[in-house]
Each structure stands twice: as C-alpha cells, then as structure tokens.
Amino acid sequence: MTQPAGPIPPLLLVGCGQMGSAMLAGWLADGLAPSVILDRHRADGPAPHRIVRQAADLPDDFTPALIVLATKPQKAAAVIPDIARFARRAPVLSVMAGKTVGGLAASLADAGAPGAVVIRAMPNTPAAIGQGMTVCYAPPAATEAERALCGRVLSAVGDTAWVEHEEQMDAVTAVSGSGPAYVFLLAELMEQAAVAQGLPPDLARRIARRTVSGAGALMEQSGVDAAELRRRVTSPGGTTQQALAVLMEPEAWPAAMDAAIRAATLRAHELAS
Ligand SMILES: NC(=O)c1ccc[n+]([C@@H]2O[C@H](COP(=O)([O-])OP(=O)(O)OC[C@H]3O[C@@H](n4cnc5c(N)ncnc54)[C@H](OP(=O)(O)O)[C@@H]3O)[C@@H](O)[C@H]2O)c1
C-alpha cells in the first residue's frame, strides 16, 4: 500500500509510558503535526504539542486525525469512557496487547461511540529510533483511507506489515512486540557469562552490547539469512561450533524459544478479556 507523504497528522496519544513515549520520539523526529498527549504522569512536553492530564481538559469539539491508545490492556475499561466522545469523529489505533477490535468497538459503543472504527497494531520499542517493527490488523469495516492513515503514522517509526487474520496478532505480540526483551536478555546473559570467564565487568558489558547491536545491524544491512550469517561465524572444529553444540541442543534454545513464544502468545490471548 502506498503511504501518503507529508507530516504526521494530528494525534491524540492516550498513554505515554514505555511504548507511547517510544512512538512519540519517532514521530517527533519525523515531523508530527501539533498533537495532544494524554497521560497523567507527563508534566510537560515538546512544543507545539499539548500535554493534558485528563480527557476532561479537552474541548468537546477536539478532533484529532487519529486516536492512539497506548495504555495497558488492563486499563482499557477505564480509559475508553474518557475517549469515546472523540472516537465518534476519529478512528482509534490500539497498540494494546490482546485487546480485540470487536471488544474495543463494543466498549466504545457502550460508552457512547457506536460504530467507532478500531484498528489494531503491535509496535515495539525500537520505534523510538525509527527502527521499530509494527504489525497491524484492520477489520473489513475500516476504509482504505483509515488503513493508509495508520500506515502513515506507524511507518514513521519503522517497518510495517499487515495481517489478514486478527488471531495472528497474538503470535506477533509474542515475537516482535515482546522480542526486544529477549534480545536484551541475550546481552545481559552474555555479559554475565563473560564476567564468569574472568573479564572485567566494563569490558564484558561493552563486548556483549556491541556484539548484539553489531550482529543486528549486519543482519539488517546485508539482508542475508540469519542461518547463513551464523554459519559464516562457525569455523569447522572451532570455538563457535562448540558453543552452538550447547545452544542448539533440541532441549536448549530451540525448546526454550518455542516455549517462550507459546507462553507469550497464550498470555496475549488471555489479555483479550
Ligand atoms: N512496552 C512495550 O514494549 C510494548 C510493545 C508493544 C505494545 N505495548 C502495549 O502498549 C501499551 C502500553 O504499554 P507500556 O509498556 O507503554 O505501559 P506503561 O509504561 O504503563 O504506559 C501506559 C501509560 O498510560 C497511562 N495511563 C493509564 N491510564 C490512563 C488514563 N486513563 N489516562 C491517561 N493516561 C493513562 C499510565 O499511567 P499509570 O501508570 O498511572 O496507569 C502510563 O503512563 C500496552 O497495552 C502494551 O500492551 C507495549
């Protein structure tokens, strides 16, 4: 789908915690039209954007191009009545894990916004530096213009993809939504193991971080398959082969990653209700 060019249209960002502020950083870097950030913790924000602590501070005729819902899924029931009056005029883009389009639309209808358009997206925190991965789902009722609007907003913070089946969003959440945490854990564990081998902590931290970020950048820039890049590091009879024999045992990383993604997918499904 071709993304419209030009500035990112005015948003109402509801919830500006870890994910909301990561997206906001990316939007600010890409030229965000004057927008409103609704979050009870932020005291100030970058001009010309307006920070409000509560939805009641916004006038009834306030009409953003898009409402981005970035509170915890557990806060959905509390926040929806706050935004329903704006959702009568603007589509809602939810980044909440688990919460379904149908469930959110029903809650909005109960709160006075029948027929509100809800589109789902699952971004990740590298959005803060324009390196995010966001997967989106739009119900059949969403118009092409509404899809394009969400695509424009999300492509400002990285790569985007769409799924046809909403159920797939749970596995997406487990892989790319939560995924940065798995990569950061890898850096943590490599650092700890380096210290255990007698390296000074500062050097251990530096080489672990740089190895993870450098490998990620190489994978991105080369476009070569991860498995082939792995093979290029693995000299026959060398050190990597010894390490991979441990990690690639079926009961080691393959089983652990499969179980982890399964557990996260299940949790995303549970968060729907
Ligand atoms: N973190 C990630 O990597 C990530 C990735 C993809 C998607 N997500 C999704 O993004 C959403 C936010 O996650 P997060 O990690 O950013 O959570 P977070 O850091 O807790 O941010 C949510 C923010 O929204 C505020 N908030 C809650 N209710 C509000 C209300 N009624 N009015 C105004 N502000 C309100 C919260 O304040 P209080 O703390 O006072 O409630 C908090 O500042 C979740 O649904 C999550 O599934 C997160």
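Numbers given for residues are sequential positions, taken from 1 along each chain in its written order. The predicted nature of this model means local features are confined to residues of pLDDT at least 70 and side-chain atom pairs, given and counted, to a pLDDT of 80 or more, with totals for whole chains, interfaces and linings taken over all residues. Values shown for side chains rest on all heavy atoms present in the structure; no hydrogens or waters enter the calculation.

Engineer: I would appreciate a short explanation of the site of the ligand in the present structure.
Structural biologist: Around the ligand sit 22 residues in total, of which M19, D39, H41, T71 and K75 are the nearest. A distance of 2.9 Å is found between an oxygen atom of the ligand and a side-chain nitrogen or oxygen belonging to D39. The backbone of A97 places a nitrogen or oxygen atom 3.0 Å from an oxygen atom of the ligand. Accessible surface area values rest on a Shrake-Rupley calculation with a 1.4 Å probe, where residue burial reflects the displayed protein chains alone. Within the complex, 82% of the 880 Å² of free accessible area of the ligand lies under protein. The class makeup of the residues in the shell around the ligand is eleven nonpolar, six polar and five charged. For each residue, the test is whether any non-hydrogen atom lies within 4 Å of the molecule or strand; if one does, the residue is near. As used in this structure description, the phrase polar contact means that two N or O atoms lie within 3.5 Å; if the pair is within protein, one of them must be able to donate a hydrogen and the other to accept it, and residues adjacent in sequence are counted only when both atoms belong to side chains. Each residue receives one of three labels: charged for Asp, Glu, Lys and Arg, nonpolar for Ala, Val, Leu, Ile, Met, Phe, Trp, Tyr, Cys and Pro, and polar for the others, Gly being one of them.

Engineer: Help me understand the sheet that holds strand β2 (residues 36-38), please; the structure alone is not making it clear to me.
Structural biologist: The pairing of strands in a sheet comes from backbone hydrogen bonds and takes either a parallel or an antiparallel form. The pairing criterion for strands is at least two bridges between them, as found by DSSP. Starting at the N terminus, helices and strands are each numbered in turn, a helix being any DSSP run of H or I of at least four residues and a strand any DSSP run of E of at least two. Judged by pairing direction, the sheet is mixed, and its eight strands sit side by side in the order β3-β2-β1-β4-β5-β6-β7-β8 without closing on themselves. With one partner strand each, in any of the chains shown, β3 (50-52) and β8 (158-162) form the two edges of the open sheet. Across this sheet, the average inter-strand angle for adjacent strands is 25 degrees, counted without regard to direction. Where strand β7 (residues 132-137) lies against β8, five bridges are found, and the strand directions are parallel. Counterpart to M133 in the pairing with β8 is D159. In what follows, residue pairs with any heavy atoms lying within 4.5 Å of each other are defined as contacts. In this analysis an axis means a line fitted to C-alpha atoms, helices contributing only their contacting stretch, and an angle means the value between N-to-C directions, from 0 to 180 degrees. Packing of helix α2 (residues 76-87) onto the sheet brings it into contact with β1 (11-14), β4 (66-69) and β5 (92-94), and relative to β4 it is tilted by some 165 degrees. Strands in contact with helix α4 (residues 144-155) are β1, β4, β5, β6 (118-122), β7 and β8; relative to β8, the strand with the most contacts, it is inclined by about 150 degrees.

Engineer: Would you explain helix α1 (residues 18-30) in this entry?
Structural biologist: Working note: α-helix, 3.6 residues per turn, so residues spaced by three or four point in the same direction. Between the first and last residue of a helix there are one fewer steps than residues, each counted as 1.5 Å, and that sum is the expected span. Taking 1.5 Å per residue as the helical rise, α1 with its 13 residues ought to reach 18 Å, and the 19 Å between its terminal C-alpha atoms agrees with that figure. Only protein chains enter the calculation, and the probe is 1.4 Å; a residue is then buried if its accessible area is under 20% of its type maximum, exposed if over 50%, and partly exposed in between. Among the residues making up α1, those that are buried are M19, G20, A22, M23, L24, G26 and W27. Just downstream of α1, G31 is the residue with a positive phi angle, here 90 degrees.

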